[in-house]
Amino acid sequence: MNDHRLFTFLDLAGTFAFAFSGAVAARDRGLDWFGVIVIAFAVACGGGVLRDLCIGAVPPAGLTDWRYLAVAMAASWVTLTARALVVRLAHPVTLFDSLGLGLFAVTGAQKALIFGHNAEVAVLLGVVTAVGGGVARDVLLNRVPVILRREVYASAALVGAVIEVCGERLGWVSSGRTWSALMACFALRYLSLRYKWNLPRSLGHDGSGSGSDK
Amino acid sequence: MNDHRLFTFLDLAGTFAFAFSGAVAARDRGLDWFGVIVIAFAVACGGGVLRDLCIGAVPPAGLTDWRYLAVAMAASWVTLTARALVVRLAHPVTLFDSLGLGLFAVTGAQKALIFGHNAEVAVLLGVVTAVGGGVARDVLLNRVPVILRREVYASAALVGAVIEVCGERLGWVSSGRTWSALMACFALRYLSLRYKWNLPRSLGHDGSGSGSDK
Amino acid sequence: MNDHRLFTFLDLAGTFAFAFSGAVAARDRGLDWFGVIVIAFAVACGGGVLRDLCIGAVPPAGLTDWRYLAVAMAASWVTLTARALVVRLAHPVTLFDSLGLGLFAVTGAQKALIFGHNAEVAVLLGVVTAVGGGVARDVLLNRVPVILRREVYASAALVGAVIEVCGERLGWVSSGRTWSALMACFALRYLSLRYKWNLPRSLGHDGSGSGSDK
């Protein structure tokens, strides 16, 4: 119960950070306020909705729980009205986004396990939960998803989901493995941002990887 | 039963208008005839398919009922063969598209309620039903969905879905709330087109909202 | 059982060819290695996942069976490390891709029939299984899906799915109809590549079908 309450809090904080990143991208792209809310909501809940569809948990939690929509609208409202605040929030939001990434990877994997699916499904859906929303944002904003092009983002989510699932298989206590997984993902993501780590990139035929149209 | 028959008729008329808009966009984009049919079908049924996946109504009605496919193919056929007719159809199609928008929002919300889901799910899926196809069209045609950028479109669908769901909660008779919701959405959409209403748009960092790549 | 084992082999061979095409496209677009694997996996399993969601077979087979992921990773690894091999593989991969197209169309239709759905659903989901992954690849790589613009690709899948479903309705023996459908689709696709057949394309308003942004 205690765990559940803690997860709920972190879940909503991560949701806000995700929604905020979506709202800022949508605003920069010149969308109207409805579009900003849609993108914010898509980033916040897109990954979870896809996970829930894949495990048969319908309707998806992102749609049934009004708090996700409320959080997405709050993030949009801040983005659209408080420009100065947005600048000041940039650093904390990066922090919460990294935390949200780890949390979504862990809870996504957990939910798949709770529904009785195997380890591979749990790891894959952990990653989908964590990065699905960001992919949806970039597809809707008509650009190649940034997580596929550079940065240690989805791979950090992968590490988190793998630790969670392995820990569950090895019989670690629930809170221990969750915190380990969350912190590993968070640290990996946060340090990669700070020290500009990137995954190796294969040069295309054009020699420059010029697909990056952002 | 009478209601059911009326809805079926409006449903197919709205489907035709939606499919027509998709077929015209696909033709203008230079797709081959197969691509035109796919886009027409995606606009007509995409929103409903997504709604049905989210409420667990599988296989989605858009796939099981041959009439939707037939209507999408008819709309494609008209678009590809009768150029003069297309021009003459432009105004009526705008009309039916607005009607279809209201109808899809209302029936989408109704179906979610019939499946026993809560008011938030019903409103969200009403909007998804109404605008999902248009979003799929724009994603497939590689542009930022127009409904996220300008015009009173998704917001009209939202008004329709909210009226339907509130009416149901307040115990209005079924046909009364359906017609109110349908007409409110239709009027809002149609008047916004006529008088060029737009939602406020937040200028991006580039000052011009230059994300609009259409 | 024998049929089952044969299908498993062809399924994995087709999966490799599909994954390979995705990995090459992703590499040419300059994605990092994680992005390459994601696109390879999306091409290989995207259509099947969408089919499984539509028929309620959750979690989708593409996620539960580790072999698909292993095959996608192997195809990515070949693409990223063995450039000379990629060039030499170009022709065989086209061959397997055409075979995979036919096989996916046939097995997709079969699975829908096995789940008790009607002929239309089976045909549509056969096509979705065969081409869904390629559409996902192009959407993620931010271009108009090539199958909607030119080439006899989805239409070959359609022919295969129709033969399979008609054969089942007409009571043909299972292996007979499967091989007929597979070979018809394969031949159509392969010959169309060799002789550069295209579906008719409707010129857009701009007279040049300039939507092709590839």
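Residues numbered from 1 in each chain as written. Chains lettered and ligands numbered in written order. Predicted model: local features only at pLDDT ≥ 70, side-chain atom pairs only at ≥ 80, totals over all residues. Heavy atoms only, no water.

A word on a nonpolar patch on the surface. Taken together, the side chains of L6(A), W179(A) and M183(A) make up a nonpolar region of the molecular surface, amounting to roughly 250 Å² of accessible area. By secondary structure assignment, the location of L6(A) is in helix 1 (residues 2–28). (Patch = residues over 30% accessible without salt bridge, like charges linked within 9 Å, V, L, I, M, F, W, Y side chains within 5 Å. Areas by Shrake-Rupley, 256 points an atom, 1.4 Å probe, with all protein chains shown as cover. Salt bridge = Lys/Arg side-chain N within 4 Å of Asp/Glu carboxyl O. Helix = DSSP H or I, 4+ residues; strand = E, 2+ residues; numbered from the N terminus.)

When their charged atoms lie close together, side chains carrying opposite charge are able to pair. Inspection of every chain in the model, using the stated rule, returns 24 salt bridges over all chains. For D138(A), the salt bridge identified is with R137(A), shortest N-O distance 3.0 Å. Judged by its relative accessible area of 12%, R137(A) falls in the buried class. The salt bridge involving D52(B) is made with K111(B); its shortest N-O contact spans 3.1 Å. Pair noted here: D52(B) is in helix 2 (residues 33–55) and K111(B) is in helix 5 (residues 83–114), with a separation of 59 residues, a long-range link. Via salt bridges that share partners, R51(A), D52(A) and K111(A) belong to a single interconnected network. (Buried < 20%, exposed > 50% of the residue type's maximum accessible area, 1.4 Å probe, protein only.)

Turning next to the relation of the copies chain B and chain A. Once chain B has been moved 0.0 Å along the axis and rotated by 120°, it coincides with chain A to within an RMSD of 0.0 Å. Considering both components of the superposition, the chain copies are consistent with a three-fold axis. In terms of C-alpha distance to the rotation axis, chain B has N142(B) as its closest residue, with the C-alpha 3.7 Å off the axis. When the interface residues of chain B are mapped onto chain A, a mere 8% of them are again interface residues, pointing to distinct binding faces. (Least-squares fit on C-alpha atoms with pLDDT ≥ 70 in both. Contact = heavy atoms within 4.5 Å.)

With an RMSD of 0.0 Å, the operation that places chain A on chain C is a rotation of 120° combined with a shift of 0.0 Å along the axis. Of all interface residues in chain A, a mere 8% are interface residues in chain C too; the two copies therefore contact each other through different surfaces.

Moving on, we get to the interface of chain A and chain C. Each partner contributes residues to the interface: chain A has 37 residues there, and chain C has 28 residues. Counting across the interface, chain A meets chain C through zero salt bridges. The tally of links from chain A across to chain C stands at four residue pairs in polar contact (both at pLDDT 80 or more). Residue assignment for the side of chain A that touches chain C shows that the elements contributing at least two residues are helix 2 (33–55), helix 6 (119–140), helix 7 (146–149) and helix 8 (154–170) of chain A. Tallied by class, residues from the side of chain A that touches chain C come to 18 nonpolar, eleven polar and eight charged. (Polar contact = N/O pair within 3.5 Å; in protein donor to acceptor, adjacent residues only side chain to side chain. Nonpolar A, V, L, I, M, F, W, Y, C, P; charged D, E, K, R; others polar.)

Turning our eyes to something else, we now look at the packing of helix 8 (residues 154–169) of chain C against helix 9 (residues 174–194) of chain C. Residues and elements named next belong to chain C. One can describe the packing of helix 8 onto helix 9 by two numbers: an axis separation of 8 Å at closest approach and a directional angle of 165°. Relative to helix 9, helix 8 is oriented roughly antiparallel. In the packing of helix 8 onto helix 9, the handedness of the crossing is right-handed. Residues S155, A156, A157, V159, G160, I163, E164, G167 and E168 of helix 8 form the contact with helix 9, whose participating residues are R177, T178, S180, A181, A184, C185, L188 and R189. A class-by-class count of the residues in the contact of helix 8 with helix 9 yields eight nonpolar, five polar and four charged. (Axes fitted to C-alpha atoms, helices over the stretch in contact; angles between N-to-C directions. Parallel < 35°, antiparallel > 145°, perpendicular 65-115°, else oblique. Left-handed = near helix turned anticlockwise from the far one by under 90°.)

To continue, consider the packing of aromatic side chains. Residues and elements named next belong to chain A. Tallying each qualifying case throughout the model produces twelve aromatic pairs over all chains. With centroids separated by 6.1 Å and ring planes inclined at 20°, the aromatic side chains of F16 and F20 adopt a geometry described as stacked. Taken together, the residues F16 and F20, both in helix 1 and four residues apart, mark about one turn of the helix. By relative accessible area, F20 is classed as buried at 3%. (Phe/Tyr/Trp six-rings, centres within 6.5 Å; stacked < 30°, edge-to-face > 60°.)

In terms of nonpolar packing, the biggest core is built from 197 residues, with V131(A), V131(B), L101(C) and V131(C) touching the most fellow members. V131(B) has contacts with L101(B), I147(B), Y153(B), A154(B) and A157(B), leaving out every residue within four places of it along the chain. (Core = buried A, V, L, I, M, F, W, Y, C linked by side-chain atoms within 4.5 Å.)

What follows covers empty space enclosed by the protein. One pass over the full model with this rule turns up two cavities of 30 Å³ or more. When its volume is computed, the largest cavity comes out at roughly 60 Å³. As for the largest cavity, its lining consists of D138(A), V139(A), N142(A), R143(A), D138(B), V139(B), N142(B), R143(B), D138(C), V139(C), N142(C) and R143(C). Those elements that provide at least two residues to the lining of the largest cavity are helix 6 of chain A, helix 6 (119–140) of chain B together with helix 6 (119–140) of chain C. Grouping the amino acids of the lining of the largest cavity by side-chain chemistry returns three nonpolar, three polar and six charged. Lining the second largest cavity we find L10(A), A13(A), G14(A), F96(A), L99(A), G100(A), L103(A) and L182(A). Those elements that place two or more of their residues in the lining of the second largest cavity are helix 1 and helix 5 (83–114) of chain A. It is helix 5 of chain A that provides the largest number of residues to the lining of the second largest cavity, a total of four residues. Taken together, the residues of the lining of the second largest cavity sort by class into six nonpolar, two polar and no charged. (1 Å grid on protein atoms, 1.4 Å probe; cavity = no way out; pocket = protein on both sides within 12 Å on 5 of 7 lines; lining within 4 Å. Points joined across faces, edges and corners; volume = space filled by probe spheres on them.)

As a further point, take the interface of chain B and chain A. Across the contact, 37 residues belong to chain B and 28 residues belong to chain A. Buried surface at the junction of chain B and chain A, summed over both partners, amounts to about 2,500 Å²; 63% is from carbon and sulfur atoms. For the interface between chain B and chain A, the tally reads four residue pairs in polar contact (both at pLDDT 80 or more). Of the residues forming the side of chain B that touches chain A, the biggest block, seven residues, is contributed by helix 6 of chain B. Class assignment of the residues belonging to the side of chain B that touches chain A gives a composition of 18 nonpolar, eleven polar and eight charged. (Buried area = accessible area lost by both parts, 1.4 Å probe.)

Residues and elements named next belong to chain C. With 23 residues, helix 2 (residues 33–55) should reach 33 Å at 1.5 Å per residue; the first-to-last C-alpha distance of 33 Å fits that figure. At C45, helix 2 is deflected by roughly 50°, the largest bend along its length. Most of helix 2 is tucked away, with 19 of its 23 residues classed as buried. For helix 2, the capping residue at the N-terminal end is D32, with a side-chain oxygen 3.1 Å from the backbone nitrogen of F34. Phi turns positive, to about 75°, at G56, one or two residues after helix 2. (Expected span 1.5 Å × (residues − 1). Bend = angle between axes of the 7 residues up to and from the residue.)

According to UniProt, the "transmembrane region" (unreviewed entry) feature falls on residues 6–26, 33–50 and 66–86 of chain A. Across residues 6–26 of chain A, the secondary structure splits into 100% helix and 0% strand, with the terminal C-alpha atoms separated by 30 Å. (UniProt positions renumbered as here; feature names shortened; annotations may be inferred.)

Residues and elements named next belong to chain A. By the secondary structure assignment, D138 is in helix 6. A relative accessible area of 1% means that D138 is categorised as buried. Within the structure, the side chain of D138 is placed 2.8 Å from the backbone nitrogen of V146, a separation counted as a polar contact. Residues contacting D138, with those up to four places away along its chain left out, are R143, V144, P145 and V146.

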